Structures are given as structure tokens and as C-alpha cells.
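Chain residues, written in single-letter form:
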Amino acid sequence: MFRRRVELHPLQKLRESLWPRIGWIRASRYVWRRVWRLTGSPHTIAVGVAAGAFTAFTPFLGFHIMMALVIAWVFRGNLIAAAFGTLVGNPLSYPPIWIATYDVGNRILGMSGRHHVNFSEVLMSHKAFDMILPVLVPMAVGSLPLGIAGALVTYFIVKTAVAAYQLRRREQLEARVLARTTAQETMGDEDDEQE
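Residues numbered from 1 in each chain as written. Predicted model: local features only at pLDDT ≥ 70, side-chain atom pairs only at ≥ 80, totals over all residues. Heavy atoms only, no water.

A.B. asks: A description of a positive patch on the surface should follow, citing residues and the corresponding values.
C.D. replies: Where like charges cluster on the molecular surface, the positive patch consists of R29, R33, R34, R37, R169, R176 and R180. Among the elements of the structure, α2 (24-36) and α8 (128-194) are those that each provide at least two residues to the positive patch. Relative to the assigned elements, R34 resides in helix α2. Using a relative accessible area of 40% as the deciding quantity, one classes R34 as partly exposed. (Patch = residues over 30% accessible without salt bridge, like charges linked within 9 Å, V, L, I, M, F, W, Y side chains within 5 Å. Areas by Shrake-Rupley, 256 points an atom, 1.4 Å probe, with all protein chains shown as cover. Salt bridge = Lys/Arg side-chain N within 4 Å of Asp/Glu carboxyl O. Lys, Arg positive; Asp, Glu negative; His and termini not counted. Charge placed at Lys NZ, Arg CZ, Asp CG, Glu CD. Helix = DSSP H or I, 4+ residues; strand = E, 2+ residues; numbered from the N terminus. Buried < 20%, exposed > 50% of the residue type's maximum accessible area, 1.4 Å probe, protein only.)

Here you go:
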């Protein structure tokens, strides 16, 4: 039902995931509208999105959705909203997030300055894990306070937006029902007059 008519080549899929054909603004609007339309209370949806936003600050890239689902489940949030919340981390937001988490982690751990790491050498070295660990630990530590702050901000923004959307939607549905019943009553009155 929602599949493409012509399947994309793997390189096209990669390009589409890094830079959507419809543009980032339209893609983000689509995602947020999907979040607003989820069923559930504004609180549960906001908890789910906040869980996803929190995990977007962690340096564990392959595990964001799984971590977000576990956190949302523990805090009784919406699991689908948690998956959407991980989109806070995207190719545009990751570089500033990583720099901020690394700097905050260094400050918390009492380490000074940035270590100048040549990642191409590190990844090709036989001691790759030993070289990445000094970078990963400060990022993991720094992600906790920044992730909590990001989750709190996201929670209040999403809760307000979802509550407003659901209220407006409820009013629209009530207006439709009222219009439909008045139309049926007037048709019933006209039928009675004709008899």
C-alpha cells in the first residue's frame, strides 16, 4: 500500500536518507504531523518523543531506536513516538551534538581541552578500540546532562503541540457531528411537511 512503484537503488536510498528529495523542512513537517496524529494522551506521546530525543544525544549510533523504545516503555510513553523522537539526531544535528557532549563530558570528568584525534588513523590502527575509548567515555558522560535537558525541552514542546492539535481536532469533529445532526433534523422536518 505504501511501497514505491519503482524500488530505489541502494545509493539512491542512501542519498534520500542523508538529504530527502522533498527537503528537510517538508520532511520534518511530515514527521511532526505524524507525531501529532498518534493516538494517546499528550503526556504519553511527549514522553515517547522525549525518550527518543534523549537517546539522540548518546554516542551509541546503532542503538538509538532500541534505547528509545526501552526508555519509553519504562516511563510508559508511546513507543512509536519514541522512534520518531530519535530523529532529533540527524546528519545536520549530530556534529554540534557530538562536540557539545564531548566538551561537557570533558568538563565533568575534569579533563582539559580536546584531544586531537585523527579518526582515519584511529580506525585503521590495530589499537582502534584503545584510541576511541578516550573519546567515547567523555561523550557518553556528557550526553547524560545534555540529553536530559533536550528531553525536558522536547517533552514540553511536544505535549503543548499535541494537546493543542487534539483539542482543535476534537472541536472540528464535534462541529461536523452537530452540522450532520442539524442537517438530518431539517431534512426530517421537510419530509414531515411534505406529507
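A.B. asks: So what about the environment of A27? Which residues, and what values?
C.D. replies: The topology assignment puts A27 in helix α2. We classify A27 as buried; its relative accessible area is 16%. In contact with A27, other than residues within four places in its own chain, are P20 and I22. (Contact = heavy atoms within 4.5 Å.)

A.B. asks: Lay out the packing of aromatic side chains with the relevant residues and their values.
C.D. replies: For the structure shown, the criterion picks out 2 aromatic pairs. Summarising the aromatic geometry, the rings of Y94 and W98 are spaced 5.1 Å apart at their centres and angled 10° between planes, so their arrangement reads as stacked. In this pair, Y94 and W98 both sit in helix α6 (residues 94-109), 4 residues apart, roughly one turn of the helix. On the basis of relative accessible area, Y94 is assigned to the buried category, the value being 13%. Relative to F156, the ring of Y155 lies with its centre 5.1 Å away and its plane at 80°, an arrangement referred to as edge-to-face. (Phe/Tyr/Trp six-rings, centres within 6.5 Å; stacked < 30°, edge-to-face > 60°.)

A.B. asks: Describe the nonpolar core, naming the residues involved and giving the relevant values.
C.D. replies: In globular proteins that are soluble, nonpolar side chains generally tend to be buried together. Counting residues in hydrophobic clusters, the biggest one holds 13 residues, and the most contacted among them are V35, I45, V49, A81, Y155 and V158. Secondary structure elements with two or more residues in this core: α3 (42-56) and α8. Among the elements that make up this core, the one with the highest residue count is α3 (6 residues). (Core = buried A, V, L, I, M, F, W, Y, C linked by side-chain atoms within 4.5 Å.)

A.B. asks: Any chance you could break down the packing of α3 against helix α4 (residues 64-74) for me, citing the residues and the numbers?
C.D. replies: Contact geometry for α3 and α4: axes closest at 8 Å, N-to-C directions at 140°. One finds that α3 runs oblique with respect to α4. As α3 packs across α4, the resulting crossing turns out to be right-handed. Contacts from G48, A51, G52, F54, T55 and A56 in α3 reach H64, M67, A68, I71 and A72 in α4. (Axes fitted to C-alpha atoms, helices over the stretch in contact; angles between N-to-C directions. Parallel < 35°, antiparallel > 145°, perpendicular 65-115°, else oblique. Left-handed = near helix turned anticlockwise from the far one by under 90°.)

A.B. asks: Help me get a handle on α6, residues and values and all.
C.D. replies: Its 16 residues place the ends of α6 22 Å apart at the C-alpha level, agreeing with the 22 Å of an ideal helix rising 1.5 Å per residue. Inspection of α6 places Y94, I97, T101, Y102, G105 and N106 among the buried residues, and these make up the whole buried set. Looking straight down α6, one finds that the buried residues subtend no more than 155° of arc, so they occupy a single side. (Expected span 1.5 Å × (residues − 1). Arc of directions from axis to C-beta.)

A.B. asks: Describe the side chain of S143, with residues and values.
C.D. replies: In this fold, S143 is placed in helix α8. Beyond its immediate stretch of four places on either side in the chain, S143 contacts F54, F57, T58, P59, T101 and I148.

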